Amino acid sequence: MAVISVLNPKGGSGKTTLTTNLAQALHLRGNKVLIVDSDPQGSARDWHAASEANPLPLVSLDRANNIKTLSSMTESYDHIVLDGAAKLEDIIAAAIKASDFILIPVQPSPYDIWAASDLVDFIKARQEVTDGSPQAAFVITRHIEGTRLGDDVRKALDEYELPVFRTAITQRQIYPQTASEGRTVLDGDNAKARDEINALADELIAMMPDTGRGEK
Ligand SMILES: Nc1ncnc2c1ncn2[C@@H]1O[C@H](COP(=O)(O)OP(=O)(O)OP(=O)(O)O)[C@@H](O)[C@H]1O
Ligand SMILES: [Mg+2]
């Protein structure tokens, strides 16, 4: 069992998009997955409500005290995927404590990379008192296809001394399109989008051995 949190206080960095798509990728591999919406905005909740056929259970825990109760749910699921809040430090701090793995989606722009600094400090402070838990890694999101992902972006992220996923999420219309129907790109007809989400799930599973099922 693993609690995977998608955290970045920067608004619009792609947290909810990554949460829903990753949760569905893990579900399609035969895992029992719960989505937790920790954002009072309720975007993941709205996404969930947009489709009656949504196969994934979702709960809203948008208070720091409620997030502490996550540990009582862990026995029932292979993976819990938590969608982080924007700007609410106590919720993010509670999510860091409850997590086994943190994905930090970040747009390939210097402003977004600099803005991750406080979150990285928070995570490292936690890792120091727990012998390295939670694991954490960056995911570059909303990459523009056809442009080279600048070495400067990966180099700037390297300075934080956290791993960066090889797979980047590209800016594609299929993400908001499927989201508006309460679905994910894995249910859509864009093979490149499906491939990148599956590649990201593969990388994640390889980084967290012995939790859940990895087969596609
Ligand atoms: N890879 C992508 N391609 C195209 N659009 C995207 C992609 N990722 C995110 N978006 C769009 O960008 C906007 C912000 O994304 P998202 O809601 O996932 O970010 P967020 O970090 O959860 O935002 P917030 O901080 O407000 O919760 C949304 O309109 C979403 O549909
Ligand atoms: Mg969101």
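Note that this is a predicted model, so its numbers are computed, not measured.

A short note on the site of ligand 1
Alright, step 1. Contacts to ligand 1 come from 18 residues, most closely from Lys15, Thr16, Thr17, Thr170 and Arg172.
Alright, step 2. Gly12 has a polar backbone atom sitting 3.0 Å from an oxygen atom of ligand 1.
Alright, step 3. Arg142 is positioned with one of its side-chain polar atoms (N or O) 3.0 Å from an oxygen atom of ligand 1.
Alright, step 4. In terms of residue class, the shell around ligand 1 is made up of four nonpolar, nine polar and five charged.

Considering unusual backbone geometry
Alright, step 1. The amide bond that connects Ser133 to the next residue, Pro134, takes the cis arrangement and shows omega of -5°.
Alright, step 2. You can see Pro134 is positioned in the loop between helix H6 (117–130) and strand E6 (135–140).
Alright, step 3. We note that Lys87 has phi near 75°; this positive angle belongs to a residue other than glycine.
Alright, step 4. With respect to the element layout, Lys87 can be found in the loop between strand E4 (79–83) and helix H4 (89–98).
Alright, step 5. Classification of Lys87 by relative accessible area gives exposed; the value is 67%.
Alright, step 6. With a phi close to 55°, Arg142 is a non-glycine residue in the positive phi region.
Alright, step 7. Note that Arg142 resides in the loop between E6 and helix H7 (151–158).

A few points about the packing of aromatic side chains
One pair of aromatic rings is described through two measures. These are the centre distance and the angle between the planes.
Alright, step 1. Taken as a whole and assessed by the stated rule, the structure comprises three aromatic pairs.
Alright, step 2. Consider the rings of Tyr111 and Trp114, whose centres lie 5.8 Å apart with planes at 80°: the pair is edge-to-face. Of this pair, Tyr111 and Trp114 both sit in helix H5 (residues 110–115), separated by three residues, roughly a single helical turn. Like Trp114, Tyr111 is exposed.
Alright, step 3. The ring centre of Tyr77 lies 5.4 Å from the NZ or CZ of Lys32, which sits over that ring.

Thoughts on the pairing of E6
Alright, step 1. Summarising burial for E6: five of the six residues are buried, a large majority.
Alright, step 2. Across six bridges, strand E5 (residues 101–106) lies against E6 in parallel orientation. From the neighbouring strand, Ile104 faces E6, where its bridge partner is Phe138.

So, H6
Spacing of three or four residues puts side chains on the same side of an α-helix, whose turn is 3.6 residues.
Alright, step 1. Compared with an ideal rise of 1.5 Å per residue, which puts 14 residues at 20 Å, H6 spans 20 Å between its outermost C-alpha atoms and is within 8% of the ideal.
Alright, step 2. When H6 is considered as a whole, its buried residues turn out to be Leu119, Val120, Ile123 and Gln127. All buried residues of H6 lie within an arc of 95° about the axis, which places them on one face of the element. Turned more than 90 degrees away from the buried face of H6, the exposed residues are Asp118, Glu128 and Val129.
Alright, step 3. Among the structural elements, H4, E5 and E6 are those in contact with the buried residues of H6.

Points about the environment of Leu34
Alright, step 1. Within the element layout of this structure, Leu34 appears in strand E2 (residues 33–37).
Alright, step 2. For Leu34, the contacting residues outside a window of four places in its chain are Pro57, Leu58, Val59, Met73, Tyr77, His79, Ile80 and Val81.

Some words on the pattern of salt bridges
Alright, step 1. Following the criterion strictly, the structure yields six salt bridges and no others.
Alright, step 2. Taking the shortest distance from any N to any O, the salt bridge between Asp62 and Arg63 comes out at 3.3 Å.
Alright, step 3. Taking relative accessible area as the criterion, Arg63 reaches 52% and is therefore assigned exposed.
Alright, step 4. Arg183 is the partner of Glu181 in a salt bridge, and the nearest nitrogen-oxygen pair spans 2.6 Å.
Alright, step 5. By relative accessible area, which is 30% here, Arg183 ends up partly exposed.

Quick look at the pairing of E2
Alright, step 1. Burial of E2 is extensive: five of the five residues sit out of reach of the surface.
Alright, step 2. The pairing of E2 with E4 spans five bridges and is classified as parallel. Along E4, the bridge assignment pairs Asp37 with Asp83.
Alright, step 3. In terms of strand pairing, E2 meets strand E3 (residues 58–60) through three bridges, oriented parallel. Bridging across to E3, Val36 finds its partner in Val59.
Alright, step 4. For the segment spanning E2, helix H2 (residues 43–49) and E3, crossover handedness is right-handed.

Procedures and definitions
- Residues numbered from 1 in each chain as written.
- Chains lettered and ligands numbered in written order.
- Predicted model: local features only at pLDDT ≥ 70, side-chain atom pairs only at ≥ 80, totals over all residues.
- Heavy atoms only, no water.
- Near = heavy atom within 4 Å.
- Polar contact = N/O pair within 3.5 Å; in protein donor to acceptor, adjacent residues only side chain to side chain.
- Nonpolar A, V, L, I, M, F, W, Y, C, P; charged D, E, K, R; others polar.
- Helix = DSSP H or I, 4+ residues; strand = E, 2+ residues; numbered from the N terminus.
- Buried < 20%, exposed > 50% of the residue type's maximum accessible area, 1.4 Å probe, protein only.
- Phe/Tyr/Trp six-rings, centres within 6.5 Å; stacked < 30°, edge-to-face > 60°.
- Lys NZ or Arg CZ within 6 Å of the ring centre and 35° of its normal.
- Pairing = 2+ DSSP bridges.
- Expected span 1.5 Å × (residues − 1).
- Arc of directions from axis to C-beta.
- Contact = heavy atoms within 4.5 Å.
- Salt bridge = Lys/Arg side-chain N within 4 Å of Asp/Glu carboxyl O.
- Right-handed = clockwise from strand over helix to strand, strands pointing away.

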